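Residue-level listing of the chains:
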Amino acid sequence: MNTTPASTASTPATVAQLEEEGDVAADYLEGLLDIADIDGDLALDVRSGRAYVTVENDNASSLRLLSNPDTVQALQELTRIAVQTKTGRFSRLILDIGGSRDARQQQLEKLVDRAIERIDDGASQASLPAMSSYERKLVHDIVAERGFVSESYGEGSDRHTVIRRG
């Protein structure tokens with residue numbers, strides 16, 4: 001196991017370290033897919049300071065159970081733990097199974113649009129449910145595209161986004 005001093009653990013990961021995270025994650029996920037007897041092709045990428053791991057299959061129904069957003073979130077957390085155990089560094093990798101990220105993006109867009117409708121109907125602000133930092137980042141981007149402003153409030157698993165007029 002590669003141990004990283006605490007003082008450097010918070011420094012941004014290099015591209016080489018992110019590629020290593022992707023390789024470790026792919027090995028872990030291949031093992032899980034083998035155990036579950038699920039076929040999947042893995043693709044690795046590095047974007048915006050994060051390792052991205054995508055699991056795809058030409059037969060979408062074969063990944064249907066795994067592509068549920070809650071399942072993807074759980075598998076992402078398990079994969080991050082596996083990567084951290086192997087590398088000694090905290091991982092912020094993103095896992096996408098069968099287009100789950102695009103599906104979640106569309107859900108978040110609908111959620112933001114409903115919140116904006118409440119503001120258009122007279123509310124001074126609209127709060128969204130608690131979500132992960134990655135999802136909150138997506139929400140902030142969507143809100144900005146719609147011409148509104150957003151801020152995150154709360155701590156830990158209660159952290160949520162509040163939308164207001166700009």
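The structure under discussion appears in the preceding block.
Below is a summary of the structure that appears in this document. (Residues numbered from 1 in each chain as written. Predicted model: local features only at pLDDT ≥ 70, side-chain atom pairs only at ≥ 80, totals over all residues. Heavy atoms only, no water.)

## Topic: the sheet that holds strand E1 (residues 41-47)
An order of E1-E2-E3 is seen for the three strands of this open sheet, with the pairing classed as mixed. Every interior strand has two partners, whereas the edge strands, E1 and strand E3 (94-97), have only one. Pairs of neighbouring strands in the sheet enclose a mean axial angle of 20°, with direction left out of account. Of the pairings in the sheet, the one linking strand E2 (residues 50-56) to E3 comprises four bridges and is parallel in character. (Pairing = 2+ DSSP bridges. Helix = DSSP H or I, 4+ residues; strand = E, 2+ residues; numbered from the N terminus. Axes fitted to C-alpha atoms, helices over the stretch in contact; angles between N-to-C directions.)

## What to know about the packing of helix H4 (residues 100-120) against helix H5 (residues 133-145)
For the pair H4 and H5, the least separation of the axes is 10 Å and the interaxial angle reads 55°. Viewed along their axes, H4 and H5 adopt a mutual orientation that is oblique. As for how H4 packs across H5, the hand of that crossing is right-handed. Contact residues: H4 offers Arg101, Arg104, Gln105, Leu108, Glu109 and Val112, while H5 offers Tyr134, Glu135, Leu138, Val139, Ile142 and Val143. For the contact of H4 with H5, a count of residues per class yields seven nonpolar, one polar and four charged. (Parallel < 35°, antiparallel > 145°, perpendicular 65-115°, else oblique. Left-handed = near helix turned anticlockwise from the far one by under 90°. Contact = heavy atoms within 4.5 Å. Nonpolar A, V, L, I, M, F, W, Y, C, P; charged D, E, K, R; others polar.)

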